[in-house]
Amino acid sequence: MKKILFVLTSHGELGTTGKKTGIWLSELAEPYFTFKNRGIDITIVSLKGGDVPVDPMSLSESHKNPLAKIFLEDDMNLLKNTLSLDKIDFHQYDAIFYPGGHGPMWDLSESEENGKLVSDFFNNGKIVSAVCHGTAAFLKGINDRTGEPMIKNRNITGFSNSEEIAVGLQDIVPFLLETKIKELGGKYWKGDQNFSSYVVIDGPIFTGQNPASGILVAEKIIEELYS
């Protein structure tokens, strides 16, 4: 049985706005059920362990997304009392996946512990994958062969600057993800239209641009795992 590790943010504050953030529910639920329906074993953990914060807006919009609605009704207990990263042995898994939501921009992007974990997957030829702001979890990853950032000279995507501006959070987030990827030497790509499904694959790195990309990322990972 193939095994995939989902790593979630532990950050729930939207900057200094007083509003809440966390994971975006559909970006978790859609890949989760796509993998589960193929018989892939899924372990869900978070950076610090414990309860995972979920963006309230994604909860209020879950009725628009059938898989998010099912997860909310049947599987939210999986986000309670999660294990922390220091309890994880990467050797047990075939791939690692990071859902988005704005939370990763504050914690996973800065975590040396997470950087080591994603580097371990990458440097051992395992799939590293993310959707939307989940790509922020790759920023501390290192390519052991070159000593450079893992994403340097790699084709990659994540939530675009134009999409961040469209949702009005460009001055709230600690950085713009597209800009940061380029600063680290990544080759950033985006789809022709904001908020439409778009996936980029470069070797073991699988990334989706935005919330609409979660299922396609999962499907591409499944193709690779069973090729």
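I will try to describe carefully the structure that is included in this document. Please read these numbers as outputs of a predicted model, since none were measured by experiment. (Residues numbered from 1 in each chain as written. Predicted model: local features only at pLDDT ≥ 70, side-chain atom pairs only at ≥ 80, totals over all residues. Heavy atoms only, no water.)

Description of the overall build of the chain
Okay, step 1: A count of helical and extended segments in the chain gives seven helices and eleven strands.
Okay, step 2: Against the globule reference of 17 Å for 227 residues, the chain gives a C-alpha radius of gyration of 16 Å, in line with a compact fold.
Okay, step 3: By its C-alpha atoms, the chain is 45 × 40 × 35 Å across when sized along the principal axes.
Okay, step 4: Across the 227 residues that make up the chain, the buried fraction comes to 56%. (Helix = DSSP H or I, 4+ residues; strand = E, 2+ residues; numbered from the N terminus. Rg over C-alpha atoms; globule rule 2.2 N^0.38 Å. Buried < 20%, exposed > 50% of the residue type's maximum accessible area, 1.4 Å probe, protein only.)

Some thoughts on the pairing of strand E5 (residues 127-131)
Okay, step 1: Taken across its five residues, E5 has five buried, putting it largely inside the fold.
Okay, step 2: In terms of strand pairing, strand E4 (residues 95-98) meets E5 through four bridges, oriented parallel. Paired with Ile 96 across the bridge in E5 is Val 128.
Okay, step 3: The parallel pair E4 and E5, bridged by helix H4 (residues 112-123), forms a crossover whose chirality is right-handed. (Pairing = 2+ DSSP bridges. Right-handed = clockwise from strand over helix to strand, strands pointing away.)

What to know about the sheet that holds strand E2 (residues 41-46)
Okay, step 1: The mixed open sheet is built from seven strands, whose spatial order is E3-E2-E1-E4-E5-E11-E10. The sheet is open, and its two edges are formed by strand E3 (83-84) and strand E10 (199-202), each paired on a single side.
Okay, step 2: When E10 meets strand E11 (residues 205-208), the two strands line up antiparallel, connected through four bridges. Residue Val 200 lies in a different strand from E11, and its bridge partner there is Thr 207.
Okay, step 3: The strands touched by H4 within the sheet are strand E1 (3-8), E4, E5 and E11, with E4 carrying the most contacts at an inclination of about 140 degrees. (Contact = heavy atoms within 4.5 Å. Axes fitted to C-alpha atoms, helices over the stretch in contact; angles between N-to-C directions.)

A look at the side chain of Glu 163
Okay, step 1: On the secondary structure map, Glu 163 appears in helix H5 (residues 161-166).
Okay, step 2: Despite its burial, Glu 163 pairs with no opposite charge, the nearest such side chain being Lys 190 at 6.3 Å.
Okay, step 3: Within the structure, the side chain of Glu 163 is placed 3.1 Å from the side chain of Gln 209, a separation counted as a polar contact.
Okay, step 4: Not counting residues within four places of it along the chain, the set of residues in contact with Glu 163 comprises Gly 158, Asn 194, Phe 195, Gln 209 and Asn 210. (Lys, Arg positive; Asp, Glu negative; His and termini not counted. Salt bridge = Lys/Arg side-chain N within 4 Å of Asp/Glu carboxyl O. Polar contact = N/O pair within 3.5 Å; in protein donor to acceptor, adjacent residues only side chain to side chain.)

Quick look at the packing of helix H1 (residues 25-36) against helix H3 (residues 66-74)
Okay, step 1: Taken N-terminus to C-terminus, the directions of H1 and H3 make an angle of 95 degrees; their axes are 8 Å apart at the nearest point. As far as their axial angle goes, H3 and H1 are roughly perpendicular. In contact with Leu 25, Ser 26, Leu 28, Ala 29, Glu 30, Tyr 32 and Phe 33 of H1, H3 contributes Leu 67, Ala 68, Ile 70, Phe 71 and Leu 72. (Parallel < 35°, antiparallel > 145°, perpendicular 65-115°, else oblique.)

As for the packing of H1 against helix H7 (residues 214-225)
Okay, step 1: With their axes 8 Å apart at the nearest point, H1 and H7 run at an angle of 30 degrees to one another. Taken together, the axes of H1 and H7 lie roughly parallel to each other. For the pair H1 and H7, the sense of crossing is right-handed. Together, Glu 30, Pro 31, Thr 34 and Phe 35 of H1 and Gly 214, Ile 215, Ala 218, Glu 219, Ile 221 and Ile 222 of H7 make up the contact between the two elements. (Left-handed = near helix turned anticlockwise from the far one by under 90°.)

Regarding the environment of Ser 109
Okay, step 1: Residue placement: Ser 109 occurs in the loop between E4 and H4.
Okay, step 2: Ser 109 sits in the buried class, given a relative accessible area of 2%.
Okay, step 3: The spacing of Ser 109 and Phe 138 is 29 residues in sequence and 6.9 Å in space, taken between C-alpha atoms.
Okay, step 4: A distance of 2.7 Å separates a polar side-chain atom of Ser 109 from the backbone oxygen of Met 105.

What about the environment of Ile 222?
Okay, step 1: By secondary structure assignment, the location of Ile 222 is in helix H7.
Okay, step 2: Overall, Ile 222 belongs to the buried group, its relative accessible area being 5%.
Okay, step 3: Filtering out sequence-adjacent residues up to four positions away, Ile 222 remains in contact with Thr 34, Phe 35, Arg 38 and Ile 40.

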